[in-house]
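Chain by chain, the residues:
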Amino acid sequence: VPAFVGLGTPYWDDDARGSAFGITRATKKEHFINSVVESIAYQSKDKLFNAHVIADIFHFTRIAINPLDELRIDLWKNTKGKEKSYFKHLKHVLMKDSSKLKEKQKERLKHAFEFSPFLKTAYELKEKFLQIKKATSFEEKEKLFRKWLDEAESSTIKQFKKPVKTLRQWHQ
């Protein structure tokens, strides 16, 4: 795999050639693809056994806020008439900090929340997450983050399940 040239793998040999054993008439291209993926995974594991995931506030924020937009998209796809168009153009308002919303934008949100209480809950979770960044001490941020994880996890909004799991893993 040419991508490993720069990693200094001790068994890299420019003259090496690959071979496949155990091929029968039943062997399909999917078997080869699976073998290639497995070999990349094993080589990566071999070389990166001490690797750690490093994530900054941008990545945490993106993962925490993305479910709100996923919910908006689901609402857009599953509604008809006037509301369908409404949800299509609501992303900018949903992603904006609530303290920076204009009156017209607040009215748009109010209307959307009347149509979907789940959207309101997701928006409130987004706002609570943004408050974590405004905390002044590490201890306060830690406390708010743990509380946010618990609230997002206990919500009935399916779009938050996977991101919460990811954020908990990163946070350990």
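Attention here is on the structure that accompanies the text. What you are looking at is a predicted structure, and each value in this text was computed from that prediction instead of being measured.

### A closer look at a positive patch on the surface
Thinking step 1. Side chains of K77, K80, K84 and K88 sit close together on the surface and give a patch of like positive charge.
Thinking step 2. With respect to the helices, strands and loops of the structure, K84 is situated in helix α3 (residues 82-88).
Thinking step 3. For K84, a relative accessible area of 30% puts it in the partly exposed group.

### A few points about the packing of aromatic side chains
Thinking step 1. Here the structure, examined in full by the defined rule, presents seven aromatic pairs.
Thinking step 2. Their ring planes at 85° and their centres at 6.5 Å tell us that Y86 and F87 sit as a pair that is edge-to-face. Each member of the pair, Y86 as well as F87, carries the same accessibility label: buried.
Thinking step 3. Here the guanidinium or amino end of K84 rests over the ring plane of W76, the centre of that ring lying 5.4 Å away.

### As for the packing of helix α2 (residues 57-78) against helix α8 (residues 161-171)
Thinking step 1. As a packed pair, α2 and α8 sit with axes 9 Å apart at the nearest point and diverge in direction by 160°. Relative to α8, the element α2 lies roughly antiparallel. Here α2 and α8 pass one another in a crossing that is left-handed. Contact residues: α2 offers H59, F60, I63, A64 and P67, while α8 offers P163, T166, L167 and W170.
Thinking step 2. Within the contact of α2 with α8, the residues separate by chemical class into seven nonpolar, two polar and no charged.

### Re the nonpolar core
Thinking step 1. Ranked by size, the top nonpolar core spans 29 residues in total, and within it L90, L94, L119, W148, F160 and L167 carry the most contacts.
Thinking step 2. Among the elements of the structure, α2, α3, α4 (91-95), α5 (103-115), α6 (117-134), α7 (138-154) and α8 are those that each provide at least two residues to this core.
Thinking step 3. Excluding its chain neighbours within four sequence positions, the residues that come into contact with W148 are A64, L125, K128, F129, I132, F160, V164 and L167.

Rules and cut-offs
Residues numbered from 1 in each chain as written. Predicted model: local features only at pLDDT ≥ 70, side-chain atom pairs only at ≥ 80, totals over all residues. Heavy atoms only, no water. Patch = residues over 30% accessible without salt bridge, like charges linked within 9 Å, V, L, I, M, F, W, Y side chains within 5 Å. Areas by Shrake-Rupley, 256 points an atom, 1.4 Å probe, with all protein chains shown as cover. Salt bridge = Lys/Arg side-chain N within 4 Å of Asp/Glu carboxyl O. Lys, Arg positive; Asp, Glu negative; His and termini not counted. Charge placed at Lys NZ, Arg CZ, Asp CG, Glu CD. Helix = DSSP H or I, 4+ residues; strand = E, 2+ residues; numbered from the N terminus. Buried < 20%, exposed > 50% of the residue type's maximum accessible area, 1.4 Å probe, protein only. Phe/Tyr/Trp six-rings, centres within 6.5 Å; stacked < 30°, edge-to-face > 60°. Lys NZ or Arg CZ within 6 Å of the ring centre and 35° of its normal. Axes fitted to C-alpha atoms, helices over the stretch in contact; angles between N-to-C directions. Parallel < 35°, antiparallel > 145°, perpendicular 65-115°, else oblique. Left-handed = near helix turned anticlockwise from the far one by under 90°. Contact = heavy atoms within 4.5 Å. Nonpolar A, V, L, I, M, F, W, Y, C, P; charged D, E, K, R; others polar. Core = buried A, V, L, I, M, F, W, Y, C linked by side-chain atoms within 4.5 Å.

These results come straight from atomic positions and should not be treated as a statement about function.
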